[in-house]
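Per-entry structural report
Listed here are the chains, written in short residue letters.
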Amino acid sequence: MENVNITINGMPLSVPANYTILEAARLAGIEIPTLCHMKGKNEIGACRICVVEVERARSLVAACVMPVSEGMVIKTNSPKVMQSRKMTVELLLSNHNRSCLQCVRSGNCELQTLAYEFGVEDAGCFDGVKTESVEDKSAAHLIRDNSKCILCRRCVAACKTQTAVIGANNRGFDSAIGSCFNMDLNDVACISCGQCINVCPTGALRERDDTQKVFDAINDPTKHVVIQTAPAVRAALGEEFGMEIGTNVEGKMVAALRRLGFDKVFDTDFAADLTIMEEATEFLDRVQNGGTLPLITSCSPGWIRYCEQFYPDMIDNLSSCKSPQQMFGAVIKTYYAEKNGIDPKDIFSVSVMPCTAKKYEIARDDQSAAGVPDLDATITTRELARMIKKARIQFTKLPDEEYDNPLGADTGAAVIFGVTGGVMEAALRTAVDTLTGKDNENYEFTEVRGLEGVKEATYNVNGLEVNVAVASGADNAKKVLDAVKNGEKNYHFIEIMGCPGGCINGGGQPIHTQSEWATIDIKALRAKALYDQDKSMAIRKSHKNPMIKTIYDEYFEKPGSHKAHKILHTSYKAQTNTIK
Amino acid sequence: MLKKISSLPFNGTPEQEAQLVKFIDGIRTQQGCLMPIMQEAQSIYGYLPLEVQQIIARELEISVEEVYGISTFYAQFALSPKGKYNISVCLGTACYVKGAQALVDRITQILGIGPDECTADGMFSLEACRCIGACGLAPVLTVNDDVYGRLVEKDVDDIIKKYQ
């Protein structure tokens, strides 16, 4: 790409000709503010916050969509620009529910930040009639409060590649983000992925906060409160405390959970290893006994909800394995309860997940191995951070601590569950060893790594040819499933995760501004934290986890046993009544 | 203004659906085909209820929300059916000052429907429109293609009776 010469605030600059003014200004060390812009996803120039002055242009132009051209002279901070941006924010604030003190996004709100930076003195200077709205609390995982919506449409763009169940409805002052025919989110084909929350610049979209439930349980002396942490949480939690993106904070997280008062701090990784044992067994059984293929993973409740709504005819392809969270919950209330002589009814089982769909999952049918729900509450990475802050625990100063045993033991295979391709790689590590009867040394399946939406590979294991595919995000799941249904592809095993990039980019992960997303490869850094941990571990295959051997010896007999099926597996049903 | 969403049951026929699908088949590969499809659907069904928007969404492999957003943006699309007789009362300036609102209120009283609604038997629908260019006859209403002018409130009763 050739360069063009432009001038920004009097400085001459040579920039690639395909840059927008926004990107060119970054090269000059100027971050033009934006609200609606999402690089590559929502480039609509709607919010007018990014306006700049361009010489000989009729009016101010939107820097996020205006391409540079030879000889362009740009001013990014002239009085005219500053005045316009400030007034735009003031107008947005005039139709905004300014309950900032109580807002979950206070301190992490892009509108609040701009109001402060632009020097808005009277947030109510343009106050008048406000657009009426009602909170949508129908969904298990999120709450929509349109009184805080600025109509930037970032959530719409995020949902577009998922199931596109939200959009801008009506026009003018009545414009509102919502679902068709004023339906609640629970009536349409939402998969609870929470990607919309992650991109919301304000507090209009937030996860359903379950932290009080957890505090209450901790303070209830009759409850034995157990928490499990998903792999992707450790790769992102530090961001909430100003730590560098991609820092693995496993040890500090465990320390913080102890200080919050949990009786036991366990690692979901253990159940990830258990999942691999069950799923690899299920896969080999289907291959050898002519079962339904391809087998598709079932760890991601967003994906499960997608499958049940959009591909009900492929439910038989789903692994019957519960997700690691649910397996862990089931093990806690059966094996762990029996072994420690605790009544399952007295256990309060919590998980911390990068995921909002887990809030939906814990209330699903057939998830109560001990006659009580496998999980009692699930909180997101963000909610855990909120709990830690509320308890005034100085996270960054904590020592690194270890998980409690025996259910804290894990492997490298389990750690990488948190990233797209990780479940597949973990399964392959175990399947190859099982089929060859050897402890194979080449167990890094790098073909299924990386953040591309769809990945494929073919492996020859002991004469058996295995075609695998990995997809993340609903649009990519659709591509893969359609290819299977049309007979274009002959896969044997498919891993699907509901969120783009997998759990590291789950809907419950720390929120970043769009300028951070545009300039930092956040997903790759979080993924690297997990792959680095995998590499550093002594045991990197699920079937080598000593606690896995113990639990099968003591309790489940063998993978796929009757008892394992009763406790560790679940069922699915078509959901055909939601509006797509 | 927010559009009224009809709560009347959908009475579409398989023939109507086949007609719509045939139209979609002829145009689906064209960029920007959604608007003409929605216009055609409205001309077939008279309005765009959920069931019709679902047909369009299914055929184009898009979500209903994408269709719905457009149907609520443009004034030309209706979410409530038109009756066999569509009563349109002009609320333009001249008609309004000559008492058109009283006509609307009287119709609502007789038929039990407000603007953008349709009677349960499908006979009458009511809409408020802007100036139809007959200010000399203000206040004016039309029933389908019939124009009635220089009205007073009680004239409404006889007009409706003519069509019942």
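These numbers were taken from a predicted model, which means no experiment stands behind them. (Residues numbered from 1 in each chain as written. Chains lettered and ligands numbered in written order. Predicted model: local features only at pLDDT ≥ 70, side-chain atom pairs only at ≥ 80, totals over all residues.)

1. Details of the nonpolar core
Our working definition: Buried Ala, Val, Leu, Ile, Met, Phe, Trp, Tyr and Cys residues form a nonpolar core when they are connected through C-beta atoms within 7 Å. Counting other C-beta atoms within 10 Å of a residue's own tells you its class, since 20 or more makes it buried, 12 or fewer makes it exposed, and anything in between is partly exposed; those C-beta atoms are placed from the backbone.
Formed by 184 residues in total, the largest nonpolar core has its most connected members in Ile21(A), Ala63(A), Cys155(A), Cys196(A) and Ala427(A). Counting residues in each nonpolar core, the second largest holds 18 residues, with Ile87(B), Ile107(B), Val140(B) and Leu141(B) among its members.

2. What about the packing of helix H3 (residues 50–60) of chain B against helix H4 (residues 64–73) of chain B?
Residues and elements named next belong to chain B. To be explicit about the condition: Axes here mean lines fitted to C-alpha atoms, for a helix over just the part in contact, with angles spanning 0 to 180 degrees between N-to-C directions. The way it works is that DSSP assigns letters per residue, a run of H or I at least four long becomes a helix, a run of E at least two long becomes a strand, and they are numbered from the N terminus. Note on angle classes: values under 35 degrees are labelled roughly parallel, values over 145 roughly antiparallel, values of 65 to 115 roughly perpendicular, and the remainder oblique. Each crossing is labelled by how the near helix is turned from the far one, with a counterclockwise turn of less than a right angle marking it left-handed and a clockwise turn marking it right-handed. What counts as a contact is two residues whose backbone-derived C-beta atoms lie within 7 Å of each other. All amino acids are sorted into three groups, where Ala, Val, Leu, Ile, Met, Phe, Trp, Tyr, Cys and Pro are nonpolar, Asp, Glu, Lys and Arg are charged, and the leftover types, Gly among them, are polar.
With their axes 8 Å apart at the nearest point, H3 and H4 run at an angle of 125° to one another. With respect to their mutual orientation, H3 and H4 come out oblique. Between H3 and H4 lies a crossing of right-handed hand. Taking contact as the criterion, the partners of Gln-53, Gln-54, Ile-56 and Ala-57 in H3 are, on H4, Val-64, Val-67, Tyr-68 and Ser-71. Looking at the contact of H3 with H4, its residues break down into 5 nonpolar, 3 polar and no charged.

3. Focus on helix H13 (residues 381–390) of chain A
Those residues of H13(A) that fall on the buried side of the exposure criterion are Thr381(A), Arg382(A), Glu383(A), Leu384(A), Ala385(A) and Ile388(A). One or two positions beyond H13(A), positive phi appears at Arg392(A), with a value near 60°.

4. Structural notes on the domain arrangement of chain A
All names here are of chain A. Filter applied, for reference: An automatic or database domain assignment provides the domain bounds reported here.
What the domain assignment reports for chain A is domain 1 (3–77), domain 2 (142–207) and domain 3 (212–568). Distance from the C-alpha centre of domain 2 to the C-alpha centre of domain 3: 28 Å. The dominant element in the side of domain 2 that touches domain 3, judged by the number of residues it contributes, is helix H5 (residues 195–199), at 3 residues. Tallied by class, the residues present in the side of domain 2 that touches domain 3 amount to 5 nonpolar, 7 polar and 1 charged.

5. Remarks on the pairing of strand S2 (residues 11–16) of chain A
Residues and elements named next belong to chain A. For clarity, the cut-off: At least two DSSP bridges between two strands are needed for those strands to be called paired.
As paired elements, strand S1 (residues 3–8) and S2 share 6 bridges and run antiparallel to each other. Residue pairing in the sheet places Ile-6 in a bridge with Leu-13 of S2. The hairpin turn running from S1 into S2, its antiparallel successor, is 2 residues long, and Asn-9 in that turn takes a positive phi close to 50°.

6. A word on the sheet that holds S2(A)
Hydrogen bonds along the backbone pair up the strands of a sheet, which may run parallel or antiparallel. All names here are of chain A. Taken in spatial order, the 5 strands line up as S2-S1-S5-S3-S4 in an open sheet, and their pairing is mixed. The sheet is open, and its two edges are formed by S2 and strand S4 (61–62), each paired on a single side. Of the pairings in the sheet, the one linking strand S3 (residues 51–54) to S4 comprises 2 bridges and is antiparallel in character. Note on S4: the bridge partner recorded for Val-51 is Ala-62. Contacts from helix H2 (residues 79–94) reach S3 and strand S5 (73–75) within the one sheet, and its direction differs from that of S3 by about 155°.

7. Concerning the interface of chain A and chain B
At the junction of the two partners, chain A supplies 16 residues and chain B supplies 12 residues. Each residue belonging to the side of chain A that touches chain B can be placed in one class, and the counts come to 7 nonpolar, 6 polar and 3 charged.

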